[in-house]
Amino acid sequence: MKPPALTPRHALFLDIDGTLIDLAATPDGVSVPPGLATGLRALRDRLGGALALLSGRKLTDIDRLLGPGLVCAAEHGAILRDSDGRIHATAQRPAAYDRWLASLNRAARQMPGVLIEQKEFSLTVHYRQAPEHEAELGQLVERLVGENEDAVILLAHSAFELRPRSGNNKGEALGGFMASPPFKGRIPVFVGDDVTDEPAIHKANELGGAGLHVARDFNGSTQMVRDWLLGAG
Ligand SMILES: [Mg+2]
């Protein structure tokens, strides 16, 4: 799909990692291109405020990378910040969270390069630097989540996430934003790069907009995404 020329009739939804910025070996290792944060705010203003980030990251992480206050769905939709700056959760922390954290930390100590990320509602096991442990970690995560009905496993780029079943996914987050101003009545455009972005890609298409994928629609290039958004190219 050819990315549409953005107009003030659009509502824009953007994943961050692998979409706006390049992936790095670790979540903390990413670098944010100069001008991105201010460019996004200018774009938001052009769209009458209808710009939201849909990320797997924690809210504090999103603010650290792109500056505070942007409308967003953090932790894949488990936490929302609306256009009035109100923050609310769509999820509850799984009951076994602390027990899982202890087990995962124990396992990670035996697997150099494996990183356990604590989020508000989820735990993410990153193995980008230790892909040889993927199968073993997958089994561990399945064993931990097992019969816990309040949790599910989310597969992402080189990561397993143990997350609450109750939380919104990115598609539901997009749909929720589209139900109220300043998004309501606009044409949704979403860009993402991961399997966790597919629900939002689907939702944007279903609502008559465009669900775009970095690999399929931008040659896999975050630079192409930024050029399209910020008109630098
Ligand atoms: Mg991504």
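Residues numbered from 1 in each chain as written. Predicted model: local features only at pLDDT ≥ 70, side-chain atom pairs only at ≥ 80, totals over all residues. Heavy atoms only, no water.

## Digging into the coordination of the magnesium ion
For clarity, the threshold we go by: Donor criterion used throughout: N, O or S atom within 2.8 Å of the metal, extended to 3.2 Å for Na, K and Ca. Water excluded; incomplete-looking sites may result. Elements are defined by DSSP. Helices are runs of H or I of four residues or more, strands are runs of E of two residues or more, and each kind is numbered from the N terminus. Each residue's exposure class comes from its accessible area (1.4 Å probe, protein chains only) as a fraction of the maximum for that residue type: buried when under 20%, exposed when over 50%, partly exposed otherwise.
Every protein donor of the magnesium ion is listed here as Asp15 (OD), Asp17 (O) and Asp193 (OD), and their distances to the metal cover 2.1 Å. Mapped onto the polypeptide sequence, the residues donating to the magnesium ion form the spacing pattern D-x1-D-x175-D. Of this pair, Asp17 sits in the loop between strand E1 (10-14) and helix H1 (36-46) while Asp193 sits in the loop between strand E10 (187-192) and helix H6 (198-206), and the two are 176 residues apart along the sequence. With a relative accessible area of 17%, Asp17 lands in the buried category.

## Here we look at the packing of aromatic side chains
How we decide: Stacked, tilted and edge-to-face pairs are distinguished by plane angle, under 30 degrees for stacked and over 60 for edge-to-face with tilted covering the rest, among Phe, Tyr and Trp rings (Trp via its six-membered ring) whose centres lie within 6.5 Å.
Taken as a whole and assessed by the stated rule, the structure comprises five aromatic pairs. Their ring planes at 25° and their centres at 6.4 Å tell us that Phe13 and Phe177 sit as a pair that is stacked. Of this pair, Phe13 sits in strand E1 while Phe177 sits in helix H5 (residues 170-178); the two residues are 164 residues apart in sequence, bridging distant segments of the chain. The exposure class assigned to Phe13 is buried, which follows from its relative accessible area of 0%. Ring geometry for Phe177 versus Phe183: centroids 5.5 Å apart, planes at 40°, classification tilted.

## Topic: the pairing of strand E11 (residues 210-213)
Formally: When the strands point away from the viewer, a crossover counts as right-handed if the route from the first strand across the helix to the second turns clockwise.
Of the two faces of E11, both are covered, the one formed by Ala210 and Leu212 as well as the one formed by Gly211 and His213. As a crossover connection, the stretch from E10 through H6 into E11 is right-handed.

## Describing the sheet that holds strand E3 (residues 72-74)
Here is the rule we go by: For two strands to count as paired, DSSP must find a minimum of two bridges between them. Note on method: axes are straight lines fitted to C-alpha atoms, helices fitted across the in-contact stretch only, with angles between N-to-C directions ranging 0 to 180 degrees. Whether two residues touch is decided by their heavy atoms; if any such pair falls within 4.5 Å, the residues are in contact.
Read from one edge of the open sheet, seven strands run E5-E4-E3-E2-E1-E10-E11, paired in mixed fashion. Two strands close off the open sheet at either side, each with one partner strand: strand E5 (87-89) and E11. Averaged over all neighbouring strand pairs, the angle between strand axes comes to 15°, with direction disregarded. As paired elements, strand E2 (residues 51-54) and E3 share two bridges and run parallel to each other. When the bridges of E3 are listed, Leu54 appears paired with Ala73. Packing against the sheet, helix H2 (residues 59-66) makes contact with E2, E3, strand E4 (79-81) and E5, and its axis sits at approximately 130° to E3. The sheet contacts of H5 involve E1, E2, E3, E4 and E10, and relative to E2 the element is tilted by about 160°.

## Overview of the sheet that holds strand E9 (residues 159-164)
One open sheet accounts for four strands, arranged E6-E7-E9-E8; its pairing is antiparallel. Edge positions in the sheet fall to strand E6 (115-118) and strand E8 (151-156), since each has one partner strand and no second. Here the average twist between neighbouring strands, direction ignored, is 20°. Across four bridges, strand E7 (residues 123-126) lies against E9 in antiparallel orientation. Its bridge partner lying in E9, His126 is registered against Ala159. Together, E6, E7, E8 and E9 form the strand contacts of helix H3 (residues 97-109), whose direction differs from that of E6 by roughly 160°.

## A closer look at the domain arrangement of the protein chain
Put simply, the test is: Where each domain begins and ends is defined by an automated method or by a domain database. The buried area of a pairing is the accessible area, by a 1.4 Å probe, that goes missing from both parts when the two are put together, added over both. The rule for a salt bridge is simple: a side-chain nitrogen of Lys or Arg has to be within 4 Å of a carboxyl oxygen of Asp or Glu. Definition of a polar contact: a pair of N or O atoms within 3.5 Å, with one able to donate and the other able to accept a hydrogen when the atoms are protein atoms, and with sequence-neighbouring residues admitted only if both atoms are side-chain atoms. By the convention adopted, Pro, Cys, Tyr, Trp, Phe, Met, Ile, Leu, Val and Ala count as nonpolar, Lys, Arg, Asp and Glu as charged, and the other residues, Gly among them, as polar.
Considered domain by domain, the protein chain is made up of domain 1 (10-90 + 167-230) and domain 2 (97-164). In this structure, domain 1 and domain 2 have C-alpha centres spaced 24 Å apart. Listed per partner, the contact involves 21 residues of domain 1 and 17 residues of domain 2. Summed over both partners, the interface of domain 1 with domain 2 buries about 1,400 Å², with 56% contributed by carbon and sulfur atoms. Its largest share of buried area at the contact with domain 2, domain 1 owes to Pro27, Glu75 and His76, together 29% of the area lost on that side. Applying the counting criterion to the domain 1 and domain 2 interface returns zero salt bridges. At the junction of domain 1 with domain 2, the criterion picks out ten residue pairs in polar contact (both at pLDDT 80 or more). Per-class residue counts for the side of domain 1 that touches domain 2 are eight nonpolar, seven polar and six charged.

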